[in-house]
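Report on the structure
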Amino acid sequence: DAGITQSPRHKVTETGTPVTLRCHQTENHRYMYWYRQDPGHGLRLIHYSYGVKDTDKGEVSDGYSVSRSKTEDFLLTLESATSSQTSVYFCAISGNAGGWNGYTFGSGTRLTVV
Amino acid sequence: AQRVTQPEKLLSVFKGAPVELKCNYSYSGSPELFWYVQYSRQRLQLLLRHISRESIKGFTADLNKGETSFHLKKPFAQEEDSAMYYCAPPLSQTSGSRLTFGEGTQLTVNP
């Protein structure tokens, strides 16, 4: 077990509805990240967190918001889902700013917006 | 943000042939870099890191500061090496503590 779980694993939702994805870690790591993975674009950072209630935007943050009220949970919300947000979403964690141990990823959430 | 570039989106080789996946970085200083691998429909996994100079599953990567590259190499590719490979720097090498990935290279090893 990698110590990081994402839920749900799959979700189909309708355009215009809000959607929340959850990332839960048991490693007590400070840094958490949300990425989306799309063909031809690789991995793009949506938002990240460097502590409880400390978050910042990534390169593709429009239409997304995040919250981190506890060390172990990092929530990603699509405020009003659009078809362009159909993607695979990955959460990642890291224990320190140096990143010398690399990053641990969740298994991903496959989101389809219809 | 500091960037890494993976110029090849697709790479196909035959089993037993050497393989090299390219990664170039754009920032100065003493970079540290990682290679991640993602097998079909699985999570990304750390493959190897520059700082440890290790060899995992027969893969090695050498940092070339003159060419600003960190290419991943394996002398004899195996079918099970077919996967998506990403090059990335650690937090301390990127502004705002972000992790900026390359776009990835899909490696296919044919029998």
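Here the structure is a predicted model, which is why all the values come from computation and not from measurement. (Residues numbered from 1 in each chain as written. Chains lettered and ligands numbered in written order. Predicted model: local features only at pLDDT ≥ 70, side-chain atom pairs only at ≥ 80, totals over all residues. Heavy atoms only, no water.)

1. What to know about the overall build of chain A
Formally: Strands are runs of DSSP state E lasting at least 2 residues, helices are runs of H or I lasting at least 4, and numbering of each runs from the N terminus. Burial here depends on accessible area, computed with a 1.4 Å probe over protein chains only, as a share of the maximum for the residue type. Under 20% is buried, over 50% is exposed, and the range in between is partly exposed. Whether two residues are in contact is decided by their heavy atoms: any pair within 4.5 Å suffices. In this description, accessible areas are obtained by the Shrake-Rupley approach with a 1.4 Å probe, and a residue is regarded as covered only by the protein chains that are shown.
Helix and strand counts for chain A come out as 0 helices and 11 strands. Secondary structure elements of chain A, listed N to C terminal, follow the sequence β-β-β-β-β-β-β-β-β-β-β. Across the 114 residues that make up chain A, the buried fraction comes to 47%. Of the contacts formed within chain A by residues at least 6 apart in sequence, a portion of 55% connects residues at least 24 apart. Carbon and sulfur atoms make up 47% of the accessible area of chain A, which totals about 5100 Å².

2. Here we look at the packing of aromatic side chains
Residue and element names in this part refer to chain B. The criterion, for reference: Each Phe, Tyr or Trp ring, with Trp reduced to its six-membered ring, pairs with another whose centre is within 6.5 Å; inter-plane angles below 30 degrees give stacked pairs, above 60 give edge-to-face pairs, and intermediate values give tilted ones.
Summed over all chains, the structure comprises 15 aromatic pairs over all chains. The interplanar angle of 50 degrees and the centroid separation of 5.6 Å between the aromatic rings of Phe59 and Tyr85 together place this pair among those described as tilted. Remark: Tyr85 occurs in strand β9 (residues 83-88) and Phe59 occurs in the loop between β6 (45-49) and β7 (60-64); sequence separation between them is 26 residues. Grouping residues by exposure puts Phe59 and Tyr85 together as buried.

3. A few points about the environment of Thr104 of chain A
Residues and elements named next belong to chain A. Tracing the backbone through its elements, the reader meets Thr104 in strand β10 (residues 104-105). In this structure Thr104 comes out as partly exposed when scored by relative accessible area, which is 28%. Along the backbone, Thr104 and Met32 are 72 residues apart, and their C-alpha atoms lie at a distance of 9.6 Å.

4. Section: the nonpolar core
Let me state the cut-off plainly: Remark: nonpolar core denotes a set of buried residues (Ala, Val, Leu, Ile, Met, Phe, Trp, Tyr, Cys) joined through side-chain atoms within 4.5 Å.
Counting 24 residues, the largest nonpolar core has Trp35, Leu72 and Tyr85 of chain B as its most contacted members. Elements with a contribution of two residues or more to this core: β2 (10-14), β3 (19-21), β5 (34-38), β6, β7, β8 (69-74), β9 and β10 (105-110) of chain B. In this structure, Leu21, Trp34, Ala81 and Cys91 of chain A belong to the second largest nonpolar core, which totals 19 residues.

5. Concerning the layout of surface pockets
Using the following cut-off: A 1.4 Å probe that fits but cannot get out identifies a cavity on a 1 Å grid over protein atoms alone, an open set with protein on both sides within 12 Å along at least five of seven lines counts as a pocket, and a residue lines either if it has an atom within 4 Å of a point. Grid points are joined across faces, edges and corners, and a volume is the space filled by probe spheres set on the points. For this scheme, ten residues count as nonpolar: Ala, Val, Leu, Ile, Met, Phe, Trp, Tyr, Cys and Pro. Four count as charged, namely Asp, Glu, Lys and Arg, and the remainder, Gly too, count as polar.
Empty space within the largest pocket amounts to approximately 610 Å³. For the largest pocket, the lining is made up of 31 residues, of which Gln37, Val88 and Arg110 of chain A together with Gln38 and Arg41 of chain B are closest to its centre. Only β4 (31-38), β9 (87-94) and β11 (109-113) of chain A together with β9 and β10 of chain B provide two or more residues apiece to the lining of the largest pocket. Class assignment of the residues belonging to the lining of the largest pocket gives a composition of 9 nonpolar, 16 polar and 6 charged.

6. Focus: the sheet that holds strand β8 (residues 73-78) of chain A
In sheet architecture, strand pairing relies on hydrogen bonds along the backbone and comes in two forms, parallel and antiparallel. All names here are of chain A. Test applied: One requirement defines pairing of two strands: DSSP has to find at least two bridges between them. Axes here refer to lines fitted to C-alpha atoms; in helices the fit is confined to the stretch in contact. Angles between the N-to-C directions go from 0 to 180 degrees.
Taken in spatial order, the 4 strands line up as β1-β3-β8-β7 in an open sheet, and their pairing is antiparallel. Each edge of the sheet is formed by a strand with only one pairing partner; in this case those strands are β1 (4-7) and β7 (64-70). Averaged over all adjacent pairs, the angle separating strand axes in this sheet is 20 degrees, with direction ignored. Alignment of β1 against strand β3 (residues 19-25), held across 4 bridges, turns out to be antiparallel. Looking at the pairing, Ser7 lines up with Arg22 of β3.

7. A look at the pattern of salt bridges
Residue and element names in this part refer to chain A. Short version of the rule: When a carboxyl oxygen of Asp or Glu lies within 4 Å of a side-chain nitrogen of Lys or Arg, that pair is called a salt bridge.
Counted according to the given criterion, the structure contains 9 salt bridges over all chains. With its nearest N and O atoms 3.0 Å apart, the salt bridge here joins Arg22 to Asp73. With Arg22 in strand β3 and Asp73 in strand β8, this pair connects stretches of sequence that are 51 residues apart. You can call Arg22 partly exposed: its relative accessible area is 34%. For Asp73, a relative accessible area of 9% corresponds to the buried category. Residue Asp38 is joined to Arg36 by a salt bridge in which the shortest nitrogen-to-oxygen separation is 2.7 Å. Asp38 sits in the buried class, given a relative accessible area of 10%. Assessed through its relative accessible area of 8%, Arg36 is described here as buried.

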